[in-house]
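Chain and residue survey
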Amino acid sequence: GLKPKPAQARPAYAAKKYVAPAGVRSMFRVIAGNFSSKQNAQLTLQKLKEDGFEAFLVTKGNNYQLQIGAFSNQLSAQRLMERALSFGYEASVLK
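Quick caveat: nothing in here was measured; it's all calculated off a predicted structure.

Some details on the pattern of salt bridges
By the definition in use, this model includes 1 salt bridge. Among the salt bridges present, the one from Lys47 reaches Asp51, with a minimum N-O distance of 3.3 Å. Owing to a relative accessible area of 41%, Lys47 belongs among the partly exposed residues under this scheme. Taking the relative accessible area as the measure of exposure, Asp51 reaches 7% and is therefore buried.

What follows is the structure, given as structure tokens:
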């Protein structure tokens with residue numbers, strides 16, 4: 001059978017939301033999926049949340065992106081992207 005993941009496997013930073021200071025314009029957004037189907041995006045959104053990511057849906061025309069973070073620091077964005085990749089998500093960093 002499937003073993004539940006231990007709670008301590010989730011790093012503490014996953015629970016923190018980044019809020020951009022006023023005046024910061026260049027952000028590195030971490031995207032964990034692009035979808036043309038809203039239903040597929042919502043299914044993956046639920047899975048991201050179950051895996052401990054603070055994910056939300058961004059609609060761009062007929063495209064749906066799942067954003068899991070935004071950082072002024074590229075290294076922080078890359079770390080979160082690598083974590084999402086380790087869970088099997090098609091993650092990338094967009095500036």
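Section: the pairing of strand 1 (residues 28–35)
The side chains of a regular strand alternate between the sheet's two faces. When you tally the buried positions in strand 1, you get 7 out of 8 residues, the bulk of the element. Bridge analysis of strand 1 against strand 3 (residues 63–71) gives 6 bridges, and the strand direction is antiparallel. Directly across from Phe35, in strand 3, lies its bridge partner Tyr64.

What about the side chain of Gln65?
Looking at the secondary structure, you find Gln65 in strand 3. Since its relative accessible area comes to 6%, Gln65 is described here as buried. Among the polar contacts made by the side chain of Gln65, one reaches the side chain of Asn34 at a distance of 3.3 Å. Apart from the residues within four sequence positions on either side, Gln65 is in contact with Arg29, Ile31, Gly33, Asn34, Phe56, Leu57, Val58, Lys60 and Leu94.

Reading the values: rules and limits
Residues numbered from 1 in each chain as written. Predicted model: local features only at pLDDT ≥ 70, side-chain atom pairs only at ≥ 80, totals over all residues. Heavy atoms only, no water. Salt bridge = Lys/Arg side-chain N within 4 Å of Asp/Glu carboxyl O. Buried < 20%, exposed > 50% of the residue type's maximum accessible area, 1.4 Å probe, protein only. Helix = DSSP H or I, 4+ residues; strand = E, 2+ residues; numbered from the N terminus. Pairing = 2+ DSSP bridges. Polar contact = N/O pair within 3.5 Å; in protein donor to acceptor, adjacent residues only side chain to side chain. Contact = heavy atoms within 4.5 Å.

The quantities given are spatial measurements derived from coordinates; they are silent on function.
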